[in-house]
There are 4 protein chains.
Amino acid sequence: MSGNTFGTLFAVTNFGESHGPAIGCVIDGCPPGMALSESDIQPDLDRRRPGTSRHVTQRQEEDKVEILSGVYEGRTTGTPIALLIRNTDQRSKDYSEIAQTFRPGHADYTYLQKYGRRDPRGGGRASARLTAPMVAAGAVAKKWLFEKYGTTFRGCMQQIGDIAIPFESWDHVPHNPFFAPVADVSALEAYMDTLRKAGDSCGARIRAVASQVPVGLGEPLFDRLDADIAYAMMGINAVKGVEIGAGFASVTQRGTTHGDSPTPQGFRTNNAGGVLGGISTGQDLEVSIAIKPTSSIISPRETINLKGESTEVVTKGRHDPCVGIRATPIAEAMLALVVIEHALRQRAQNGDVAPPMDPIPSSFL
Amino acid sequence: MSGNTFGTLFAVTNFGESHGPAIGCVIDGCPPGMALSESDIQPDLDRRRPGTSRHVTQRQEEDKVEILSGVYEGRTTGTPIALLIRNTDQRSKDYSEIAQTFRPGHADYTYLQKYGRRDPRGGGRASARLTAPMVAAGAVAKKWLFEKYGTTFRGCMQQIGDIAIPFESWDHVPHNPFFAPVADVSALEAYMDTLRKAGDSCGARIRAVASQVPVGLGEPLFDRLDADIAYAMMGINAVKGVEIGAGFASVTQRGTTHGDSPTPQGFRTNNAGGVLGGISTGQDLEVSIAIKPTSSIISPRETINLKGESTEVVTKGRHDPCVGIRATPIAEAMLALVVIEHALRQRAQNGDVAPPMDPIPSSFL
Amino acid sequence: MSGNTFGTLFAVTNFGESHGPAIGCVIDGCPPGMALSESDIQPDLDRRRPGTSRHVTQRQEEDKVEILSGVYEGRTTGTPIALLIRNTDQRSKDYSEIAQTFRPGHADYTYLQKYGRRDPRGGGRASARLTAPMVAAGAVAKKWLFEKYGTTFRGCMQQIGDIAIPFESWDHVPHNPFFAPVADVSALEAYMDTLRKAGDSCGARIRAVASQVPVGLGEPLFDRLDADIAYAMMGINAVKGVEIGAGFASVTQRGTTHGDSPTPQGFRTNNAGGVLGGISTGQDLEVSIAIKPTSSIISPRETINLKGESTEVVTKGRHDPCVGIRATPIAEAMLALVVIEHALRQRAQNGDVAPPMDPIPSSFL
Amino acid sequence: MSGNTFGTLFAVTNFGESHGPAIGCVIDGCPPGMALSESDIQPDLDRRRPGTSRHVTQRQEEDKVEILSGVYEGRTTGTPIALLIRNTDQRSKDYSEIAQTFRPGHADYTYLQKYGRRDPRGGGRASARLTAPMVAAGAVAKKWLFEKYGTTFRGCMQQIGDIAIPFESWDHVPHNPFFAPVADVSALEAYMDTLRKAGDSCGARIRAVASQVPVGLGEPLFDRLDADIAYAMMGINAVKGVEIGAGFASVTQRGTTHGDSPTPQGFRTNNAGGVLGGISTGQDLEVSIAIKPTSSIISPRETINLKGESTEVVTKGRHDPCVGIRATPIAEAMLALVVIEHALRQRAQNGDVAPPMDPIPSSFL
């Protein structure tokens, strides 16, 4: 209810602030019997963590995860899995002076209005740092879904600011700091360097895909698979738009072209993005999100102070010139958390879930 | 959990099928003491109901609502408000033949895969007809929010197929069948007539706005106001994309331009669409959604039958050539349901909610 | 959240007031494919309904149930099952005069304090009449559990006022108006007649039992099977105490006698009442509840009026001299709703649930 | 859903196992602005912790709590409060041999059946040690309720095994190891010494009381205040029975005696235990619970091993001869968690909650 738990059957409760002693989460509902150790979780955390290239914040955080519960003799027990990540490289002095003003694009103002107080250190609870525990929880979800159904999750960069990025191959994604599916990222590097020197920031567009998704996941009216994906994606810091399948392009499509025709060999197209009537079709889940430019920039901005008087604010400290860059593993993780939630719901309603089916399961013949 | 209840503190449980005896909902959590009668609800239902122009389905439904509980001597009692709408113009014969095939773009296939059976009559549970009870529940939410905070909800058409619609004035919206904010809709009428004659359909883009929204609504991490709006909008039949504020345009914006500067007179711009860090700023909530073309078209489509054999399907019956047209009051209603949910949550956490505040409430000085 | 929905995976949302136009519920989460019609539900409603003997209220209600949705061609579709029961024998004049006073033992005072208003007609929302929709929902749950696991639910009277009732046989229960497991109920009839003539009422003690319950239902910490049973039973009107297994007798037991020893042939005893560590053992679930005397009696009682002045109140109208009598089918229904909820949860976590197992499933050998 | 979160608006998510590295909880929904530090929580933990007298387990645990988040500059921020308690005195060797058998009265068997595996070390997740985080969370709830409404929570021992304990005064409770409200506990000490020497254990009966409870807390049908109290109490390890107010004594009461008459000076009696129609009356909440004898005893017991063969088990290790003794602060804490949950719900529905009212609030005159 207070918005710190994601999911119901696979429920992840997140806690911590950017500059507090620790951040973490409690995963409740992970099925028992799955082999699990920190080494299953750390790789995704490492993909998200700061300080890995000159194009992201230089804050140095190991993001080392500790499993506090829910695993016995190397296997999940079905009881809550608590994950702890200690903060190690806070520099709160960076933020002391801005406690008196409201940074444009930041949650400073809304937090103060909602709670009557706020933790200004690194954005406190509003920091994207709180996505780390979700990436950790997503790694647990990914492992279970892969072992159970062969489901996999991938993400890549589609656009950074003005530069659209063509899709060449998933193989390129791990080999550049932008999660870009292209071999040559020199243009992106030059673009980012210019932007950083200008003390400005830019937005980005990310694509996330789930493959080998069981058919039949999602509820018809409100907990639709696509609705829950939209909820999950719009919940990622700085996201302002979400598309499933054809997305906004469907506005100018015709009924004769949009509808994906089923054939004996499967669906001919995937304008639906893997969801029909809120329920998974077994095709790839195709999601695209828009991420706004980083609000923390060193260029001076017009604002007001706590007294409501006009003033200027400059955000020093160490920030990502494009928060979208590190959003790719986050989008994958959130997508995995939505899929596992619905896989468990489907089991509750209809017993064990089948893996992706042929267009028509023999049981219906 | 099974996806038929929307909201938690203001919870709307929806039931019924397109061609069953009745549809309706139970509203649980409406605060006591508000004057309420069918006449508060019927007008919004009439805005959504079919058969009102040649540009929508010709199915004739009065959509007459009956309040079964929760109101005593003309005022809400704080107990569940059950709303019943009897179906009157079902023509199930229209659907008998398509029970053996899967209509492209429809939920026929996913329902069968999920449940092992489906009600083919008018799309059964997957029909947009089930939005009627939500429009009714939204009318109750709108009334309470207006009386308590002066909050208002409006929606209009932004684009139909290839025709973008400029915003002239809200005053035009009630005076044309397209909810278009323009005086002259002759171009739209011609476009729709051509489309209908061609036996095809088109998509649409809708805008929904909430004004006088209290500051501080929404939770920081997961039940963010924008995330819940995305969830609500993507849950509307045929919606494939959702934007808040600048939406996908923020991808190409710069940090120096996107961030809305607070001033002593209020925010200078509203790229945020009224939400910062998941919490309402008190500015207008600005939402835009993409709606796919109607899947029910009389043009023949490639598909398969229950045996998995190639075949063709033609969808007869009475359908909207552009489902987006009737989506405007639905989007308003869903937005109202999100806002009232968070207004009640905010009361739970912080006591009575203030109406939209000046940039800085005196209590913080 | 507002307390009108019971369960999460098998969620029953209840609506209506004693003297409103109708009462009913929406069942969300019933698995698809089960044969269901009104005739599966009506028998349990008939066991609970008033006017069936001189020992219960003389209000004549047919309690005829109508299925509004969720069933197609005689089988559940997995979508919400809405059940409607029209009220037919309201006599609101009976209640007009007591609207100005607070009846001792009734919710008049608390409703007014909570909501600022109340529906005094027949107790409004606080009437035990609202248990009828739960009995209907329980009948649906019972049917699914019996078909899936062979689970059965029974209840009987253990004590009425001062008269303890020995357990002779379940066979006697349907053959007397008290649900008493004895052949001769003449003493009970005489007791009740005396009580009624005296214008007084008495309490009762009810036993409810579930047999063939799958092993492993219930969550360890908070949604324990026994905790949810206690919640369900204490939620029945007039219940003041709940026991599982040995209950309060366990206070004077020793560890050497209380613990039920597992043997190759099963557990030797059932002091646990079928629950260990919050999880079902596969033994019978044994529940006992205390029901307070009916608060509606014609004997004059001291009270206050709306002005807070001392006065007297006499409750006319048609009332049960022992509300416990009709509570037996209600207790069975609520127990069934708890068991089905946990059976579905167990499926979500661990896949399909096994029926009651031998002490050790071969899979663990 | 998996039973490790208590509450919705004031939600406490519990994690850990008896012999894991740590136990703890995340409190989500604590209103912002309350002064809070470890020193507000530690005292209640110290009342519950083991090793404080010869009458409880000799396991030495400091139960030192660390606040990981949700507090900034000494005040709650409205974001999740994570509490961590490291385990320090595990002796897992004590449990190694019993991993092959099922201890009567323990959850060994049901955990294995439910999850297919179990952590046998100190009972793993089933250990009463997991009540420590709830006592910590309860301390936070108590503080807020006291500051807001002056609500207080007290508990005492009513009976240990065969020895009923008369109520002399609350003042005695802190001054003996049994939480007994009597000056002289020599009889209890002798009784416990005899029991311990006999290698046996006994049950207990505990009373918990909340005073200065706001009027109007609780929902009419399912989330009744009494139902939620029953759920909370039955969820405490080893509890087998719960009573509210007169409890089982109400079975033999008459309507003319049970109903509590309102007077201009307040209610004349409190058979209701502070709840009418599921809603608080403003009187003391009166709860009584039955706790079964400790299942861990050194006397040999008949049981079976993992192969299902007959065998004997002796539970060595360090155990409480009467788990009821340390249950008093736990019962208080759980009662506080129920009350704060409903206080926040009431705020959501009806705005700020009034403190306990006169029989009739002036607003109704």
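Residues numbered from 1 in each chain as written. Chains lettered and ligands numbered in written order. Predicted model: local features only at pLDDT ≥ 70, side-chain atom pairs only at ≥ 80, totals over all residues. Heavy atoms only, no water.

Moving on to the pattern of salt bridges. Once their charged atoms are close, side chains differing in charge can pair, the charge on each being opposite to the other. Tallied over the full model, the rule gives 96 salt bridges over all chains. Across the pair Lys114 of chain B and Glu219 of chain A runs a salt bridge whose closest N-O atoms are separated by 3.6 Å. You can see Lys114 of chain B sitting in helix H2 (residues 108-115) and its partner Glu219 of chain A sitting in the loop between strand S10 (204-211) and helix H6 (225-234), one on each of two chains. For Lys114 of chain B, a relative accessible area of 3% translates into the label buried. Its relative accessible area of 0% is what places Glu219 of chain A among the buried residues. Residue Arg326 of chain C is joined to Asp320 of chain C by a salt bridge in which the shortest nitrogen-to-oxygen separation is 2.9 Å. (Salt bridge = Lys/Arg side-chain N within 4 Å of Asp/Glu carboxyl O. Helix = DSSP H or I, 4+ residues; strand = E, 2+ residues; numbered from the N terminus. Buried < 20%, exposed > 50% of the residue type's maximum accessible area, 1.4 Å probe, protein only.)

One open sheet accounts for five strands, arranged S1-S2-S3-S7-S4 (chain B); its pairing is antiparallel. Edge positions in the sheet fall to strand S1 (5-6) and strand S4 (65-67) of chain B, since each of these pairs with one other strand and no more. (Pairing = 2+ DSSP bridges.)

In this structure's numbering, the residues bearing the UniProt feature "binding site: FMN" (unreviewed entry) are Arg125, Ala126, Ser127, Asn237, Ala238, Gly277, Lys292, Pro293, Thr294, Ser295, Ser296 and Arg318 of chain A. Not counting the four nearest positions on each side in its chain, Asn237 of chain A is found in contact with Ala126, Ser127, Ala128 and Thr131 of chain A together with Arg224 of chain B. Within the structure, Asn237 of chain A has its side chain in polar contact with the backbone oxygen of Ala126 of chain A (distance 3.0 Å). Within the secondary structure, Ala238 of chain A sits in the loop between H6 and strand S11 (239-244). (UniProt positions renumbered as here; feature names shortened; annotations may be inferred. Contact = heavy atoms within 4.5 Å. Polar contact = N/O pair within 3.5 Å; in protein donor to acceptor, adjacent residues only side chain to side chain.)

We now examine the sheet that holds strand S2 (residues 11-16) of chain A. Each strand in a sheet pairs with another by means of backbone hydrogen bonds, the pair being arranged parallel or else antiparallel. Residue and element names in this part refer to chain A. Here five strands make up an open sheet; going across it, the order is S1-S2-S3-S7-S4 and the pairing antiparallel. For this open sheet the edge positions go to strand S1 (5-6) and strand S4 (65-67), each flanked by a neighbour on one side alone. Pairing geometry for strand S3 (residues 22-28) and strand S7 (residues 81-86), over six bridges, is antiparallel. Along S7, the bridge assignment pairs Gly24 with Leu84. On the sheet, helix H4 (residues 132-149) packs against S1, S2, S3 and S7 and is oriented at approximately 30° with respect to S3. (Axes fitted to C-alpha atoms, helices over the stretch in contact; angles between N-to-C directions.)

All right, on to H4 of chain A then. All names here are of chain A. Along its 18 residues, H4 runs 25 Å from first to last C-alpha, staying within 8% of the 26 Å computed at 1.5 Å per residue. The buried count for H4 comes to 15 of 18 residues, which makes it a mostly enclosed element. Count one or two residues on from H4 and you reach Gly150, which has phi positive near 75°. (Expected span 1.5 Å × (residues − 1).)

What follows concerns the packing of H6 of chain A against helix H8 (residues 327-350) of chain A. Residues and elements named next belong to chain A. Relative orientation of the contacting elements H6 and H8 amounts to 145°, with a least axis distance of 9 Å. As for the relative orientation of H6 and H8, their crossing is right-handed in sense. Listed contacts from H8 to Leu225, Asp228, Ile229, Ala232 and Met233 of H6 are Ala331, Met334, Leu335, Val338 and His342. Looking at side-chain class alone, the contact of H6 with H8 contains eight nonpolar, one polar and one charged residues. (Left-handed = near helix turned anticlockwise from the far one by under 90°. Nonpolar A, V, L, I, M, F, W, Y, C, P; charged D, E, K, R; others polar.)

What follows covers the UniProt feature "binding site: NADP(+)" (unreviewed entry) in chain A. Residues and elements named next belong to chain A. Within the UniProt annotation, "binding site: NADP(+)" (unreviewed entry) is assigned to Arg48 and Arg54. Of note, Arg48 is situated in helix H1 (residues 38-48). Only 3.2 Å separates the side chain of Arg48 from the side chain of Thr131, close enough to count as a polar contact. Note that Arg54 resides in the loop between H1 and S4.

Residue and element names in this part refer to chain D. Position of Ala208 relative to the elements: it lies in strand S10 (residues 204-211). The class of Ala208 is buried, set by a relative accessible area of 3%. Linking Ala208 and Gly74, residues 134 residues apart in sequence, is a C-alpha distance of 30 Å. Sequence-distant contacts of Ala208, defined by excluding residues within four places in its chain, comprise Arg154, Gly155, Leu285, Glu286, Val287, Ala331 and Leu335.

The next point concerns the interface of chain C and chain B. Residue-level contacts link 40 residues of chain C with 40 residues of chain B. Overall, the association of chain C and chain B removes approximately 3200 Å² of surface from exposure, summing both partners, and the carbon and sulfur fraction of that is 63%. The three residues of chain C that bury the most area against chain B are Leu68, Tyr72 and Arg117 of chain C, which together make up 18% of that side's buried surface. For the pair chain C and chain B, the interface holds two salt bridges. With a closest N to O distance of 3.4 Å, Glu66 of chain B and Arg86 of chain C form a salt bridge. (Buried area = accessible area lost by both parts, 1.4 Å probe.)

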